[in-house]
Structures are given as C-alpha cells and as structure tokens.
Amino acid sequence: MCRGPPTRWRTGWAGCSTPAHEHRGSEPDRGLLVHPLRRRDRPARREPARSAARARSGDGLIWVGMKDPSDDDLAWFADFFGIHPLVVDDAVNGHDRSKLEVFEDTIFLVVSTAAYVDHATIADAAEIVTTGQVMVFLTSHFVLTVRRKGPAQMRAVRSRLERHPEQLAQGTWRILYEILDGVVDDYARVAAEMEEDVDEVEEMVFADSGTGRIDRAYLLKRELIEFRRCAMPVALPLLTLAQKDLPNIPLEARAYFREVSDHHVEVREALTSFDDILSTVLQAALARQSVADNQDMRKISAAVGILAVPTAIAGIYGMNFQHMPELATPYGYYVVLVVMAVLMLTIFFAFRRNKWL
C-alpha cells in the first residue's frame, strides 16, 4: 500500500498497483490503487519512493488527489515529485481563470469547474451556479490534482478508470482527458438546466403580472455572467492540448482533446445565446415597465383633470363675496351640481376616447 504525507483531507494516493493484465514479453499494463490518508498517518516515505521509482521505469503511474490542501502538504508533494517551484507558487496563490503552462516536462493546468444548484423554481432561487477549481500537475509517470471548492469530480473519474484499466494503461494523459471531459460535461449539464431557467424567466417577465419579477431576470443574468467567466477561458487550454506539441501528450491523444474542445464550443455557443436572450428580455421588460408607468401617469393626470372642474367651481363660490347673483337663485345650488356633473362626465369620456382611462 502506498502512503503519503499526513493530511487532514481525504486524499487519493494512486500508486503502482499490480497490473490488471500482464503478457509475457510485453510491458505490464498500468493499474490504479487509491487509499485514503488522514492526519494521524505518519509519512512512510520509502513506499512512495519505491512506487515513484517503479512509475519512472514505466511500471505503473502515480495519481494523488487533494482537496483544499495546506501549503505544507502541497510543498511536500512538490518536493517529492520534483515539481518546478514556479508551478508550486502558482498553485499556492491560485488563479481566477483557466490556463495551461509547461515547465520543463511538467504540464500545469488550471481549470474552473461548475455545478448547478437545484431549486424548485427560479422564483425561489438565491443561487443558480456554484464554481470551483481543479489544478492538474502532469508528467509521464505521475498526476497530482488539487481541487478547491466546486463539485467532487475526481471520485467519479477514478471509479471510471478503475473499471477500465486498459484506458489507464494509455498513460497519464488519459487521466487529464477524463478530468477535462468531466468538467466540460458538467458545463453542458449546467447549460441545459439554465436553458430551462431562461425559458421560465422569459415567461415570468412577459406574463400579465410579470413586470414585478424583473429581479429574477437580473439574478439569472448575474449567474450566467459568473458561469461564462468560469467556462469561457477553458477554450484556450483545450485548443493548446488539441493542436500543439506538448510533453507527455502523444500525437494520438490530440483527437481526444479535440473532441472535448468541440464539445466545449457547443457549450460556449449556448451560453452566448442565453446571454443574448436575457439581454433582450431585460430590455423588453424595462420597456414594458416604462410603458406601464406611463399608463399609470396618464390615469393619474386624467383623474386630476376631472377633479379640477368641481374644485374650480367650488373655489369660486367659496370666496364669500356679498354680491354674487347666483346665490339668490332658488335653484342655484342644484344648477351648479348639474353643471359640475356634466363637465366631469364630458371630460371623462374625452379621456376615455383618447385611451387615457
């Protein structure tokens, strides 16, 4: 059993296991073995060293997976595997955007991950997309993955490769491919779920009572921006893996990364269309809100105009002059009321004809 440094996280130590298949006169296939490590474990350096020596000789490979490691844990593995110090600095400091760099024979990849936050309806959602990050260190004989937040993908990748040791026998690049393929598949799942949210928001905003739910469109737009910031930068590393000569990435592996890149293009196109739809929905919703506000102002103005008639007449006869001929008329009070009613009705129907009411 391969054991590594002490750590408080559940860390996968994938060592040089007994080959799944072995043929006389041929190189043994590479296997996969994973063991949990806990803080109480003491470093048993001779076993990892022996496993590393076997991996360098072509008899297996090593895969270590870590979640939110401390600087000390990361430094131990970096020293053990001989990772370039600049790569370690990048891993410790972290990156907001995906990138791929090559240091001597080590490929260092940072890729953002995304997961959809389930909710009954968009009206109840406080968060739609959650993001994380995976860092991959890759050479010909070892892979070191560091996950910070985000969905737990490594367990599924590990299980899939354990079920298919012939794929793992292709080399460390296969692990990288499976990781990237899983990340892009997650992008596609999030995009499919967000498409339903976009349709729901569109119906909500354009419903008869939907003008008050424009905040849901803003929420979805904000979450979409976060998702795009996560997914879009992965395009360049994928193109680099699919087109350029890189250490530990054989020529036949490019077709696999090209397939992932093509899948990623579909996700990017979907996100672009969602952004366009949401922008249009927001503009239309704001225009609709403006029209509704104007309608309300018209109704208020019409009401003020109608009430101005009795207000003006009452104001005139409320000035308390002594000599006002109408005050002596026996039916003057009733005449004034009739005049007020006629004028108010006339103004009301005038506003009604002009669709102010």
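Source: prediction; values computed, not measured. Throughout, a residue's number is its position along its own chain's written sequence, starting from 1. In keeping with the model being predicted, local features are shown solely for residues with a pLDDT of at least 70 and side-chain atom pairs are shown and tallied solely at 80 or more, while totals for entire chains, interfaces and linings include all residues. Heavy atoms throughout the structure, all of them, feed into the side-chain values; hydrogens and water do not.

**Looking at the pairing of strand 5 (residues 129–138)**
Of all 10 residues that make up strand 5, eight are buried, and the element is covered over most of its length. Paired strands, in this sense, are two strands between which DSSP finds at least two bridges. In DSSP terms, a helix is any run of H or I states spanning at least four residues, a strand is any run of E spanning at least two, and both are numbered starting from the N terminus. One ladder, built from 10 bridges, connects strand 4 (residues 106–116) with strand 5; its direction is antiparallel. The residue of strand 5 that forms the bridge with A115 is T130. With seven bridges connecting them, strand 5 and strand 6 (residues 142–149) associate as antiparallel partners. The residue of strand 6 that forms the bridge with L138 is V143. With antiparallel pairing between neighbouring strands as the criterion, strand 5 and strand 6 make up a hairpin whose turn holds three residues. Between buried and exposed lies partly exposed: a residue is buried under 20% and exposed over 50% of the maximum accessible area for its type, with that area taken using a 1.4 Å probe on protein chains only.

**Quick notes on the nonpolar core**
Definition used in this section: a nonpolar core is a set of buried Ala, Val, Leu, Ile, Met, Phe, Trp, Tyr and Cys residues joined via side-chain atoms within 4.5 Å. Formed by 60 residues in total, the largest nonpolar core has its most connected members in Y187, M194, F227 and F257. Of all the elements in the fold, those that place two or more residues in this core are strand 4, strand 5, helix 4 (154–163), helix 6 (172–206), helix 7 (214–231), helix 8 (235–243) and helix 9 (254–317). Counting residues per element, this core draws most heavily on helix 6, at 16 residues. Whether two residues touch is decided by their heavy atoms; if any such pair falls within 4.5 Å, the residues are in contact. If sequence neighbours within four positions are ignored, M194 has contacts with Y116, I128, V129, L220, E223, L224, F227 and F274. Within the second largest apolar cluster, 21 residues are counted, among which are W76, F77, F81 and F142.

**Description of helix 2 (residues 71–81)**
What helix 2 keeps buried is the set D73, L74, W76, F77, A78, F80 and F81. Directly after helix 2, the chain includes G82, whose backbone phi takes a positive value near 70°.

**Here we look at unusual backbone geometry**
Of all residues except glycine, most have a negative phi; of all peptide bonds, most are trans. If you check the backbone angles, D68 has positive phi at about 45° while not being a glycine. Checked against the element boundaries, D68 lands in the loop between strand 2 (62–67) and helix 2. Even without a glycine there, the phi angle at K355 is positive, about 60°.

**Details of the pattern of salt bridges**
Here a salt bridge means any side-chain nitrogen of Lys or Arg lying within 4 Å of a carboxyl oxygen belonging to Asp or Glu. Tallied over the entire structure, the rule returns 10 salt bridges. Residue E223 is joined to R222 by a salt bridge in which the shortest nitrogen-to-oxygen separation is 3.6 Å. Note that D275 is salt-bridged to R228, the shortest N-O span being 3.3 Å. Here R228 lies in helix 7 and D275 lies in helix 9, a separation of 47 residues in the sequence. Owing to a relative accessible area of 15%, D275 belongs among the buried residues under this scheme. Its relative accessible area of 24% is what places R228 among the partly exposed residues.

**Quick notes on the packing of helix 6 against helix 7**
Close contact between helix 6 and helix 7 brings their axes to 10 Å; oriented N to C, the two are set at 160°. Here helix 6 lies roughly antiparallel to helix 7, going by the angle between them. As for the relative orientation of helix 6 and helix 7, their crossing is left-handed in sense. In contact with Y187, V190, A191, M194, D197, V198, V201, M204 and V205 of helix 6, helix 7 contributes R216, A217, L220, E223, L224, F227, C230 and A231. In this analysis an axis means a line fitted to C-alpha atoms, helices contributing only their contacting stretch, and an angle means the value between N-to-C directions, from 0 to 180 degrees. Any angle between 65 and 115 degrees counts as roughly perpendicular, while under 35 counts as roughly parallel, over 145 as roughly antiparallel, and the rest as oblique. Handedness of a crossing follows from how the near helix is turned relative to the far one, being left-handed for an anticlockwise turn of less than a right angle and right-handed for a clockwise one.

**Considerations on the side chain of E223**
As for its placement among the helices and strands, E223 is situated in helix 7. What E223 contacts, discounting residues up to four positions off in sequence, is E127, I128, V129 and M194.

**Things to note about the packing of helix 8 against helix 9**
With their axes 8 Å apart at the nearest point, helix 8 and helix 9 run at an angle of 155° to one another. As the angle between them shows, helix 8 and helix 9 are arranged roughly antiparallel. Crossing angle aside, the handedness with which helix 8 passes helix 9 is left-handed. Of helix 9, the residues touching helix 8 (which contributes A235, L238, L239, L241, A242 and Q243) are R254, F257, R258, V260, S261, H264 and R268. Three classes are used: nonpolar for Ala, Val, Leu, Ile, Met, Phe, Trp, Tyr, Cys and Pro, charged for Asp, Glu, Lys and Arg, and polar for all others, with Gly counted as polar. Classifying every residue of the contact of helix 8 with helix 9 by side-chain character gives seven nonpolar, three polar and three charged.

**Focus on the pairing of strand 6**
Among the eight residues that make up strand 6, six are buried, leaving the element largely enclosed by the rest of the structure. Relative to strand 6, strand 2 runs parallel, the two being bridged by six bridges. Across the sheet, the residue bridging to G65 is T145, located in strand 6.

Remember that the coordinates give geometry; whether it matters functionally is a separate question.
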